[in-house]
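Observations on the three-dimensional arrangement
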Amino acid sequence: MLNSTLRQCSRYLNKMVPEVVFVLGAPGSGKGTQCSFISKEYDFVHLSAGDLLREERQRQGSEYGEMIEQKIRNGEIVPVEVTCSLLHKAMQKSGKSRFLIDGFPRNKDNLDGWERVMSDKTKLLFVLFFECSRDLCTERCLGRGAAGSGRSDDNLESLQKRFNTYLNDTMPIIQHYDQLGLVRRINAEVGPQQVFEDVKKVFNNSDMSRIAN
Ligand SMILES: Nc1ncnc2c1ncn2[C@@H]1O[C@H](COP(=O)(O)OP(=O)(O)OP(=O)(O)O)[C@@H](O)[C@H]1O
Ligand SMILES: Nc1ccn([C@@H]2O[C@H](COP(=O)(O)O)[C@@H](O)[C@H]2O)c(=O)n1
């Protein structure tokens, strides 16, 4: 009787721990597109670190606006204290317990900051990693810019810097999670629907009963 009650309490408490999936890949590899598909099919809230930073940049009275704009334009990574606090607030505001965290952690500062503040409050399920060549990613970002994204970093000069940051700072983070057996690789060089077919296999293999909408 006592054991069964303890088991029930433990299940209840485990359920309360927010679960996260980190979504990584080169600029333009399709992270945002796939997160939007995933959040429609599965019970996950999509939080894009880049979108949260862009919103904060626009927020009147933000003390970080100028710094964020400069970093974004130069393809550099904003200090984790700012990004982690925006993510944490968005998670709390949503009132939900499963999150796709798109574009984070992008470097060692992001990773260390998350581990300091958030890793004991959350459970990392896996890291979704979209693999796509630099040429294709560049073409997609330039296409997005030409279609009117309004992003100050969808231009060749910023893209070169973003790719350097991706190769030098983000790839080591993906390798770190790969060594922990947490990376789920997806070929992102095919059409969006085809990519999503592979993404669904990953989510469906992760105990469908717990994550299906
Ligand atoms: N599989 C795909 N095939 C062709 N085009 C795609 C595919 N996925 C996304 N796109 C297009 O490529 C552009 C970039 O996609 P998306 O914004 O999803 O990438 P991202 O990885 O989130 O980019 P960023 O890191 O720069 O925010 C968009 O214009 C999108 O419509
Ligand atoms: N963890 C992060 C994520 C993003 N940034 C900055 O935003 C830019 C755009 O990010 P996208 O994911 O929308 O492509 C990125 O180049 C960085 O300047 C960040 O600092 N930290």
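Bear in mind the structure is a predicted one, so any value in this text is a computation, not a measurement. (Residues numbered from 1 in each chain as written. Chains lettered and ligands numbered in written order. Predicted model: local features only at pLDDT ≥ 70, side-chain atom pairs only at ≥ 80, totals over all residues. Heavy atoms only, no water.)

The environment of ligand 2 is made up of 16 residues, and the closest members are R54, E76, V78, G103 and N110. The contact in question runs from an oxygen atom of ligand 2 to an N or O atom on the side chain of R162, over 3.4 Å. Notes on ligand 2: free accessible area 450 Å², of which the protein chains cover 96%. Taken atom by atom, the bulk of ligand 2 overlaps the largest pocket. Broken down by secondary-structure element, the contributors of at least two residues to the shell around ligand 2 are α3 (49–58) and α4 (65–73). Sort the elements by how many residues they give to the shell around ligand 2 and α3 lands first, with four residues. For the shell around ligand 2, the per-class residue count stands at six nonpolar, three polar and seven charged. (Near = heavy atom within 4 Å. Polar contact = N/O pair within 3.5 Å; in protein donor to acceptor, adjacent residues only side chain to side chain. Areas by Shrake-Rupley, 256 points an atom, 1.4 Å probe, with all protein chains shown as cover. 1 Å grid on protein atoms, 1.4 Å probe; cavity = no way out; pocket = protein on both sides within 12 Å on 5 of 7 lines; lining within 4 Å. Sits in = over half its atoms within 2 Å of the grid points. Helix = DSSP H or I, 4+ residues; strand = E, 2+ residues; numbered from the N terminus. Nonpolar A, V, L, I, M, F, W, Y, C, P; charged D, E, K, R; others polar.)

Within this structure's numbering, the places UniProt gives as "binding site: a ribonucleoside 5'-phosphate" (unreviewed entry) are R54, E76, I77, V78, G103, F104, P105, R106, R151 and R162. From this annotated list, the subset lining the largest pocket comprises R54, E76, I77, V78, G103, R106, R151 and R162. Within the element layout of this structure, V78 appears in the loop between α4 and α5 (80–94). Classification of V78 as buried rests on a relative accessible area of 4%. Dropping the residues within four chain positions of it, V78 is found in contact with L53, M67, I68, K71, T83, D109 and N110. (UniProt positions renumbered as here; feature names shortened; annotations may be inferred. Buried < 20%, exposed > 50% of the residue type's maximum accessible area, 1.4 Å probe, protein only. Contact = heavy atoms within 4.5 Å.)

Moving on, we come to the layout of surface pockets. The volume enclosed by the largest pocket comes to roughly 800 Å³. Lining the largest pocket are 42 residues, and of these G28, K31, R144, R151 and R162 lie nearest its centre. Put simply, the parts of the chain that give the lining of the largest pocket at least two residues each are α2 (31–41), β2 (45–48), α3, α4, α7 (134–146), α8 (156–179) and α9 (192–204). For the lining of the largest pocket, a count of residues per class yields 13 nonpolar, 17 polar and twelve charged. (Points joined across faces, edges and corners; volume = space filled by probe spheres on them.)

Note that the residue after F104, namely P105, is joined by a cis bond; omega there is -5°. In this structure, P105 sits in the loop between β3 (98–102) and α6 (108–117).

It is worth spelling out the pairing of β3 at this point. Burial runs high along β3: five of the five residues are buried. By the bridge criterion, five bridges tie strand β1 (residues 19–25) to β3 in an arrangement that is parallel. The residue bridging E19 from the neighbouring strand is R98, located in β3. Strand direction decides the pairing type here: β2 and β3, joined by four bridges, are parallel. (Pairing = 2+ DSSP bridges.)

Here we come to the pattern of salt bridges. With the rule as written, the count across this model stands at 17 salt bridges. Close ionic contact of K71 with E76 constitutes a salt bridge, the shortest N to O distance being 3.7 Å. Classification of K71 by relative accessible area gives partly exposed; the value is 23%. Here E157 ties to K161 by a salt bridge, and the two come within 3.7 Å at their closest N and O atoms. (Salt bridge = Lys/Arg side-chain N within 4 Å of Asp/Glu carboxyl O.)

Next up on the list: the confidence of the model for the protein. Residues with a pLDDT of 70 or more make up 90% of the protein, whose mean pLDDT is 93. Below pLDDT 50 for its whole length, residues 208–213 participates in 17 contacts with residues either more than four positions away or in separate chains. Listed scores for the predicted complex are pTM 0.93 and ipTM 0.99. (pLDDT = per-residue confidence, 0-100.)

Okay, the site of ligand 1 next. Near ligand 1 you find 16 residues, and of these K31, T33, R144, R162 and V190 are the closest. R144 is positioned such that a nitrogen or oxygen atom in its side chain is 2.7 Å from an oxygen atom of ligand 1. One of the side-chain nitrogen or oxygen atoms of R151 is found 3.0 Å away from an oxygen atom of ligand 1. Taking 630 Å² as the accessible area of ligand 1 by itself, protein coverage stands at 75%. A majority-of-atoms criterion places ligand 1 in the largest pocket. Where the shell around ligand 1 is concerned, the elements lending two or more residues are α2, α7 and α9. Of the residues assigned to the shell around ligand 1, the class counts are five nonpolar, six polar and five charged.

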